[in-house]
Amino acid sequence: MKMCSSAFWEVFPSTGRIRNNTNTKEYTTGIFPMLQKPRGTRDFLPDEMEARRTIEWRLREVARRWGYREVCTPEFEDLELFTMRSGEGIIEEMYVFTDKGGRSLALRPEITASVIRMYINEAKVAPKPLRWCYFADCFRYERPQKGRYRQFWQFGVELIGADTAPADAEVIMLAADMLNATGVKYELKVGHLSFMKNLLKDLEPPAQRKVMAHLDKKDYDSLKATLDAMGKPDLGTSLLSLVRCRDLSEAFGIAGTIPGQERIQQTINTLDAAGIDYSLNFGIARGLDYYTGMVFEAFAENLGAENQILGGGTYRLAHLFGGDDTASCGFAIGFDRVMVSLGETQHKKDTVVAIAFTSEGRNHALEVARSFRNAGIRAEMDLMERALSAQLAHASKTADFAIVIGQREAESSNVTLKNLHSGEQKTLDLPAAIAEVASHGAGR
Ligand code: HAM
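So, here is what we can say about the structure in this document.

Thresholds, definitions, all that
Residues numbered from 1 in each chain as written. Predicted model: local features only at pLDDT ≥ 70, side-chain atom pairs only at ≥ 80, totals over all residues. Heavy atoms only, no water. Pairing = 2+ DSSP bridges. Helix = DSSP H or I, 4+ residues; strand = E, 2+ residues; numbered from the N terminus. Axes fitted to C-alpha atoms, helices over the stretch in contact; angles between N-to-C directions. Contact = heavy atoms within 4.5 Å. Polar contact = N/O pair within 3.5 Å; in protein donor to acceptor, adjacent residues only side chain to side chain. Parallel < 35°, antiparallel > 145°, perpendicular 65-115°, else oblique. Left-handed = near helix turned anticlockwise from the far one by under 90°. Nonpolar A, V, L, I, M, F, W, Y, C, P; charged D, E, K, R; others polar. Expected span 1.5 Å × (residues − 1). Buried < 20%, exposed > 50% of the residue type's maximum accessible area, 1.4 Å probe, protein only. 1 Å grid on protein atoms, 1.4 Å probe; cavity = no way out; pocket = protein on both sides within 12 Å on 5 of 7 lines; lining within 4 Å. Points joined across faces, edges and corners; volume = space filled by probe spheres on them. Salt bridge = Lys/Arg side-chain N within 4 Å of Asp/Glu carboxyl O. Near = heavy atom within 4 Å. Areas by Shrake-Rupley, 256 points an atom, 1.4 Å probe, with all protein chains shown as cover.

**Quick notes on the pairing of strand β18 (residues 414-419)**
Where strand β17 (residues 401-405) meets β18, four bridges bridge the pair, whose relative direction is antiparallel. In the sheet register, F401 faces β18, and the bridge partner there is N419. Both β18 and strand β19 (residues 425-429) contribute to a ladder of five bridges, which runs antiparallel. Within β19, the position partnered with N414 by the bridge is D429.

What follows is the structure in structure tokens.
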């Protein structure tokens, strides 16, 4: 067997001393600084995970009702998948590494490119359209701040192979339905890239990108400076009118005749007929490079600078990855930002029943715990061999109800149920005790 040559630490529990295999020096435990998680990542304690799962399942449920089925792709991909459309510049914003076989890989900064790669690899002949969704973590090498992390989760959907106004409208309606299901307060903005692109059509692609990047960042001073330097100050005036415009016919007036005018009108009509709460915004440029038409973003009220909680639009990527040119439309919800925006409001904690018992009651207590769990109620038993009074003291800090099982209860079919919030105590048969706890919202 080949021995691993890397360093390891040997711990001697009897002496509390530690030795590194690469040098013979021994250290006393406790002298090392406490290890911390990597910058821009977070740990989630059980309360937070319960809250996150509650919201995640609401999103899953809406996706299911609209027919979007879950897919899963690798956490890392060939670097090329992400640089092919966006260029090498994007490497700065990613976690990129070379594996032992010399392959250049990247932790996924988003999931859309992976989903389209998977579609071409695995499902390009499947009946269209494909309705897919995902809930997955992404990695971006960004400067961390509130709402901006280096590891974060997206709940996204991709509608692949439908190139129509009803398809665009469906994805936007689904976005609204999902955000509504979370309870987050948000503003939805819908735009279309054709307006901006029509105004910029005389610029070379790199110049177009530069202008779009200023618009995406809403950096209008740099926009003006760039256009002045290009000798196009009038373009700045039209672009700013477009950014401020909130009316479709007015936008057509500013941008001139644009391709797909009817489709845009039809999409907007569908959103209006469905009563979707949105505003038009023709200044949406989207940071990612693959969007082609309809674009939309949602913003939460209470998040400060990093307040965009959803982004998406129509795009074309399949032809770049070796497939046929396929129209797609999708979005991703920034799940962590939604959770920050919701704060503590959305989470109802699980009801906990502590099964406290004396040594004579242990076997009966195991049976009682099993009955509560079979009814879908969280039941916990002492593992520390504490006395009954100490078990109840612990339960008062960790549980909502206590079931007390002493010798008397072990010999009868009744249990003593104590409400640890009100102090009320009742002797009941087991089904009645379970029903009483369930009536407080616990269980199935
Ligand atoms: P995106 O706008 O880059 O779009 O990301 C979607 C959402 O992810 C953002 O609106 C934001 O809420 C969240 N997000 C982005 N970066 C971070 C971060 N560093 N920390 C926390 N949250 C973040 C996409 O990724 C596209 N793939 C969306 C899409 C799907 N377009 C079509 N299909």
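Picking up after the structure, the text goes on.
**Some details on the sheet that holds strand β7 (residues 104-107)**
Read from one edge to the other, the open sheet built from three strands follows the order β5-β7-β6, with strand pairing classed as antiparallel. The open sheet terminates on both sides in strands that have one partner only, identified here as β5 (76-78) and β6 (96-98). Direction aside, neighbouring strands of the sheet carry axes that sit 35 degrees apart on average. In terms of strand pairing, β6 meets β7 through three bridges, oriented antiparallel. Following the sheet pairing, V96 is matched in β7 by A106.

**Examining the sheet that holds β19**
The strand order across the open sheet formed by five strands is β16-β15-β17-β18-β19, and the pairing between neighbours is mixed. Every interior strand has two partners, whereas the edge strands, β16 (378-381) and β19, have only one. Looking at each pair of strands side by side, their axes are set apart by 30 degrees on average, direction ignored. In the packing of helix α12 (residues 362-374) onto the sheet, the strands contacted are β15 (352-357), β16, β17 and β18, and the crossing angle to β16 comes to about 160 degrees. Where helix α15 (residues 430-438) meets the sheet, it contacts β15, β17, β18 and β19, and its direction lies at approximately 130 degrees from that of β19.

**Regarding the side chain of E110**
On the secondary structure map, E110 appears in the loop between β7 and α3 (112-122). For E110, the side chain forms a polar contact with the main-chain nitrogen of A113, separated by 3.1 Å. In terms of polar contacts, E110 uses its side chain to reach the side chain of Y290, at 2.6 Å.

**Quick look at the packing of helix α1 (residues 46-65) against helix α4 (residues 165-182)**
For the pair α1 and α4, interaxial distance at closest approach is 9 Å and the crossing angle is 150 degrees. Taken together, the axes of α1 and α4 are roughly antiparallel relative to one another. Once α1 is placed against α4, the crossing between them reads as right-handed. Residues I55, R58, L59, V62 and A63 of α1 form the contact with α4, whose own contacting residues are L174, D177, M178, A181 and T182. Class assignment for the residues of the contact of α1 with α4 results in seven nonpolar, one polar and two charged.

**A few points about the packing of α12 against α15**
Where α12 contacts α15, the axes come no closer than 10 Å and their chain directions differ by 45 degrees. Regarding the angle of α12 to α15, the classification is oblique. Viewed along their axes, α12 and α15 form a crossing whose handedness is right-handed. On α15, the residues touching V368, S371 and F372 of α12 are L430, A433, I434 and V437.

**A word on α1**
Under the 1.5 Å per step criterion, the end-to-end length of α1 is 28 Å for 20 residues, consistent within 8% with the ideal 28 Å. Looking at α1, one finds that the buried residues are A51, R52, I55, E56, L59, R60, V62 and A63. Where α1 is buried, its residues touch β4 (69-70), β8 (130-139), β9 (151-160), α4, β14 (327-334) and α11 (335-342).

**As for empty space enclosed by the protein**
Empty pockets left among the atoms are what a rolling probe the size of a water molecule brings to light. Per the stated rule, a full pass over the model turns up one cavity of 30 Å³ or more. Estimated volume of the largest cavity: approximately 80 Å³. Together, eleven residues line the largest cavity, and F82, S86, E110, A113 and Y290 are the ones closest to its centre. Of the residues that constitute the lining of the largest cavity, the class distribution is eight nonpolar, one polar and two charged.

**Comments concerning the pattern of salt bridges**
Counted under the stated rule, the structure contains 28 salt bridges. The shortest N-O distance in the salt bridge between E70 and R60 comes to 2.7 Å. Of this pair, E70 sits in strand β4 while R60 sits in helix α1, and the two are ten residues apart along the sequence. For E70, a relative accessible area of 46% puts it in the partly exposed group. In this structure, the salt-bridge partner of R386 is D382, at a minimum N-O distance of 3.9 Å.

**Regarding unusual backbone geometry**
Between K128 and the following residue, P129, the backbone shows a cis peptide bond with an omega angle of 0 degrees. By the element assignment, P129 lies in the loop between α3 and β8. In this model, K218 sits at a positive phi of 55 degrees, which is unusual for a non-glycine residue. For K218, the position within the fold is in the loop between α6 (205-216) and α7 (220-229). The class for K218 is partly exposed, based on a relative accessible area of 47%. The phi dihedral of E385 is positive, around 55 degrees, even though this residue is not glycine. Positionally, E385 belongs in the loop between β16 and α13 (388-398).

**Remarks on the site of the ligand**
Around the ligand, the structure places 26 residues, and the nearest of them are E110, T112, E142, Y291 and Q308. At a separation of 3.0 Å, an oxygen atom of the ligand approaches a polar side-chain atom of R140. Out of a free accessible area of 650 Å², the ligand has 95% covered by protein chains. When contributions to the shell around the ligand are tallied by element, the ones reaching two or more residues are β9, β13 (308-316) and β14. The leading source of residues in the shell around the ligand is β13, at six residues.

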